[in-house]
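Secondary and tertiary structure notes
Here are the chains, one letter per residue:
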Amino acid sequence: MDLQTIIICTAIASMTLCFTMGMAWQSHKASNYIFHWMCAGACFLVSNLTAFVCIKLDVQGLLHPGIANVLYMAGHAFITSGIALYIYGKAPPYLATGVALFTLLLHLSPDFRGSVDARFIILTPVVVMLSGASITMLWHTAMRKKGRFLWPLLITITIFALQMLIRTMALLTSHDALAFTGNDIFQIAGSLAVITFISM
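Treat the numbers as computed from the prediction; the structure is a model and nothing was measured.

**Remarks on the overall build of the chain**
Broken down by element type, the chain carries eight helices and zero strands. In sequence order, the secondary structure elements of the chain are arranged as α-α-α-α-α-α-α-α. The buried share among the 200 residues of the chain stands at 45%. Taking all contacts inside the chain whose residues are at least 6 apart in sequence as the whole, residues at least 24 apart take part in 69%. When the accessible surface of the chain is totalled, it reaches about 10,600 Å², and 70% of it is carbon and sulfur.

**Considerations on the packing of helix 3 (residues 66-88) against helix 4 (residues 95-107)**
Helix-helix packing: each pair is described by the crossing angle between the helix axes and the interaxial distance. Viewed as axis vectors pointing N to C, helix 3 and helix 4 meet at an angle of 155°, and their least axial separation amounts to 8 Å. As far as their axial angle goes, helix 4 and helix 3 are roughly antiparallel. Crossing geometry of helix 3 relative to helix 4 is assigned as right-handed. Residues Gly66, Ile67, Asn69, Val70, Met73, Ala74, Ala77, Phe78, Thr80 and Ser81 of helix 3 form the contact with helix 4, whose participating residues are Leu95, Ala96, Val99, Ala100, Thr103, Leu104 and His107.

**Things to note about the nonpolar core**
Membership of the largest hydrophobic core comes to 37 residues, with the highest contact counts inside it found for Met73 and Ile83. Looking at this core, the elements that each hand over two or more residues are helix 1 (3-27), helix 2 (32-57), helix 3, helix 4, helix 6 (116-142) and helix 7 (151-172). Apart from residues no more than four positions distant in its own chain, Met73 is found in contact with Val99, Thr103, Leu123, Val126, Val127 and Leu130.

**Here we look at the confidence of the model for the chain**
Mean pLDDT over the chain: 85, with 86% of residues reaching 70 or higher. In the model of the chain, helix 8 (residues 185-199) stands out as the element of lowest mean pLDDT, 58, in contrast to helix 4, which has the highest, 96. Of the regions scoring below 50 in pLDDT, residues 180-186 engages in 14 contacts with residues more than four places distant in sequence or in other chains.

**Description of the packing of helix 6 against helix 7**
Axis separation between helix 6 and helix 7 bottoms out at 9 Å; the angle between their running directions is 155°. In terms of orientation, helix 6 lies roughly antiparallel with respect to helix 7. The crossing of helix 6 and helix 7 is left-handed. Looking at the contact of helix 6 with helix 7 residue by residue, the class counts come to 18 nonpolar, five polar and two charged.

**Things to note about the packing of aromatic side chains**
According to the stated counting rule, one finds seven aromatic pairs in the structure shown. Ring centres of Tyr86 and Phe149 lie 6.5 Å apart, and the angle between their planes is 90°; on these two criteria the pair is classed as edge-to-face. Remark: Phe149 occurs in the loop between helix 6 and helix 7 and Tyr86 occurs in helix 3; sequence separation between them is 63 residues. Chaining the aromatic ring pairs together yields one cluster made of Tyr33, Trp37, Tyr86 and Phe149.

What counts and how
- Residues numbered from 1 in each chain as written.
- Predicted model: local features only at pLDDT ≥ 70, side-chain atom pairs only at ≥ 80, totals over all residues.
- Heavy atoms only, no water.
- Helix = DSSP H or I, 4+ residues; strand = E, 2+ residues; numbered from the N terminus.
- Buried < 20%, exposed > 50% of the residue type's maximum accessible area, 1.4 Å probe, protein only.
- Contact = heavy atoms within 4.5 Å.
- Areas by Shrake-Rupley, 256 points an atom, 1.4 Å probe, with all protein chains shown as cover.
- Axes fitted to C-alpha atoms, helices over the stretch in contact; angles between N-to-C directions.
- Parallel < 35°, antiparallel > 145°, perpendicular 65-115°, else oblique.
- Left-handed = near helix turned anticlockwise from the far one by under 90°.
- Core = buried A, V, L, I, M, F, W, Y, C linked by side-chain atoms within 4.5 Å.
- pLDDT = per-residue confidence, 0-100.
- Nonpolar A, V, L, I, M, F, W, Y, C, P; charged D, E, K, R; others polar.
- Phe/Tyr/Trp six-rings, centres within 6.5 Å; stacked < 30°, edge-to-face > 60°.

Laid out in structure tokens, this is it:
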């Protein structure tokens, strides 16, 4: 599966998430968690569209991969804050903003922007921690009888987090550097996991 196909598929999944959550929020505007999930879909969508356009036009620099990664990371933070709002009725304030600013500051460094390995190794733990927080919240709720409907989401996020950890271990123990347009089994598996994660 080539990179552009993966980006398009992820963008479609993101658009679906954004649209369905947006429609749900129109009917339940008091449900802030739906708004957060809509924002997550929007962040993933714009991130993928930015990446697609920049690849097509061969644009490099802060816009890509910088802004694309900032939105991608903010999307994960919105997923986690939405889950916290859904389960507890409150979420860490400005979680997505903080994650986005952290990612943006990292991308101000040309060395960081130019290294796929560095971006993956540094940003992956943040994604895994966000996913871990989501897993913990979902686990405690899913174990109750009324929370059994959350199991599919819990399993999906767990698989996503595990494949991120496996990819990181594979990278750390490998002598080969990652390429943004790479087509190896780990990168393909990771991309498919992202698509499944967003689709849930």
